[in-house]
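Architecture and fold: a report
Letter by letter, the chains look like this.
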Amino acid sequence: MTVVAALMIGRGGSSLPDKNILPVLGHPLLHWTAAAARRSRYVSRFYVSSDDDKILSAAGEAGYQPIVRPPELASATAQSCDAVRHALDIIEKDGAVDVLVVQHANVGMITEDVIDACIDKLLAHPHLSSVVPSHQNPEYHPMRAKRLLPDGSLVNFATGDGPASANRQDLPTAVFFDHSFWVLRGRSAVFDMNGQPPWPCMGSTIGVYETEGCLDVHSLEDLESTARWLEAHHVPRPDFTRPAFAAQAD
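Report on the accompanying structure.

Calculation notes
For every chain, the first residue of the written sequence is number 1, and numbering continues from 1 along that sequence. Predicted model: local features are reported for residues with pLDDT of at least 70 only, side-chain atom pairs are reported and counted for 80 or more only, and whole-chain, interface and lining totals are derived from all residues. Side-chain numbers come from the whole structure's heavy atoms, not from hydrogens or water. Remark: nonpolar core denotes a set of buried residues (Ala, Val, Leu, Ile, Met, Phe, Trp, Tyr, Cys) joined through side-chain atoms within 4.5 Å. Each residue gets one of three labels from its accessible area relative to the maximum for its type: buried under 20%, exposed over 50%, partly exposed in between, using a 1.4 Å probe on protein chains only. Helix numbering and strand numbering both begin at the N terminus, where a helix is a DSSP run of H or I of at least 4 residues and a strand a DSSP run of E of at least 2. By the convention used here, residues are in contact when the closest approach between their heavy atoms is within 4.5 Å. Multiply 1.5 Å by the residue count of a helix minus one, and that product is the helix's expected span. Here the arc refers to the directions that run from the helix axis out to each C-beta atom. Here a strand pair is declared whenever DSSP counts at least two bridges between the two strands. Looking down the strands as they point away from you, a crossover is right-handed if its path from the first strand over the helix to the second goes clockwise.

On to the nonpolar core. Grouped together as the largest cluster of nonpolar side chains are 30 residues, with contacts concentrated most on Met 8, Tyr 64, Val 101, Ile 115 and Val 183. Of all the secondary-structure elements, those providing two or more residues to this core are β1 (4-9), α1 (29-38), β4 (43-50), α2 (53-60), β6 (99-104), α4 (112-124) and β11 (181-184). For this core, the leading source of residues is α1, giving five residues. Here Ile 115 is in contact with Ala 36, Ala 37, Ser 40, Val 101, Ile 110 and Phe 181, once residues within four sequence places are set aside. Counting residues in each nonpolar core, the second largest holds 20 residues, with Ile 91, Leu 100, Val 132 and Val 190 among its members.

Along the chain, the position of Thr 205 falls in the loop between α5 (186-190) and β12 (206-210). Sequence-wise, Thr 205 and Lys 121 are 84 residues apart; in three dimensions their C-alpha atoms are separated by 13 Å. With residues near it in sequence (within four places) discarded, Thr 205 still touches His 127, Leu 128, Ser 129 and Ser 130.

With that out of the way, let us pick up α4. The end-to-end C-alpha distance of α4, which contains 13 residues, comes to 18 Å, matching closely the 18 Å that a straight helix rising 1.5 Å per residue would cover. Residues of α4 that are buried: Glu 112, Ile 115, Asp 116, Cys 118, Ile 119 and Leu 122. Burial along α4 is one-sided: seen end-on, the buried residues are contained in an arc of 160°. Exposed and oriented more than 90 degrees from the buried face of α4 are Asp 113 and Ala 124.

Pairing of β4 with strand β5 (residues 65-68), which is carried by four bridges, proceeds in the parallel orientation. By the bridge assignment for β5, Val 48 is matched with Pro 66. For the crossover from β4 across α2 to β5, the handedness is right-handed.

Okay, here's the thing in C-alpha cells:
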C-alpha cells in the first residue's frame, strides 16, 4: 500500500499579517487547501510545519499534526526545502512515507481532483521524482526576459538558446510552477543531492501537471479573487465535522 502524507507549510511573518488564516468565504484560507487534501483518495496522514501558533492551531482544526519550525527555518530568507526536510524527518517517526504532498498555506485555489491526478501521474511514472502543477504564460516567456544592468540599460536575460522569436508560437514551451502544492516521491526526492534548484527537494526528474495557474495570496485583493474562483468552481466548503473527515482524523 502506498503511504501518502500531506505537509502544509506556512510562516507567520508576512507583509499581509496573518494571511494564511484570514477568512475566505467565512473560513480560514488554509482550511481550503486542507479540505482538498482531506478529500483526497490517497492522503492518509496530515501535518503542518510553521513557527506561528495561529497557523498550527487553524491547521489542527483540520486534523493536521503540528510540527514547530525552528527559528532558523522561519526567517524571510529561509528556504522552503529546508523546512520540508526538517518536517519529513519528524513525519517519518510515525512510519515511512512513499509520497509527500507539500501544500502551501496561502493558496486556496486547489481541489482534491488535481491533488489525486498529480499522485496518479507520479505513481504511473516511476522515473519521476515529483509532479508539480504548472502553467504556461507565453507573454512572460523566459526567453523574452531582460536583465537590468547597473547603468540602467537592458540585455537578454536568457542566453545560449539562440535568438528569441517575437512570435509566441515559435518559442519552446515554458511552464511556471503554481506553488499550490508539490507531489514528491518521499525521501528519495526530498533529500536528492542532485535536485533541481531552486527547489531541490523536488528531486532531479520533475514531471508537470498542466493547469490554468493559481493565485498565492499576498493581498486582500488576492483573497477576494480566491473566493470568486472557489465559487465559480463549486468547491465544497470546508467542514471537518463531516463523517468522512472525522474518520480520517481518527
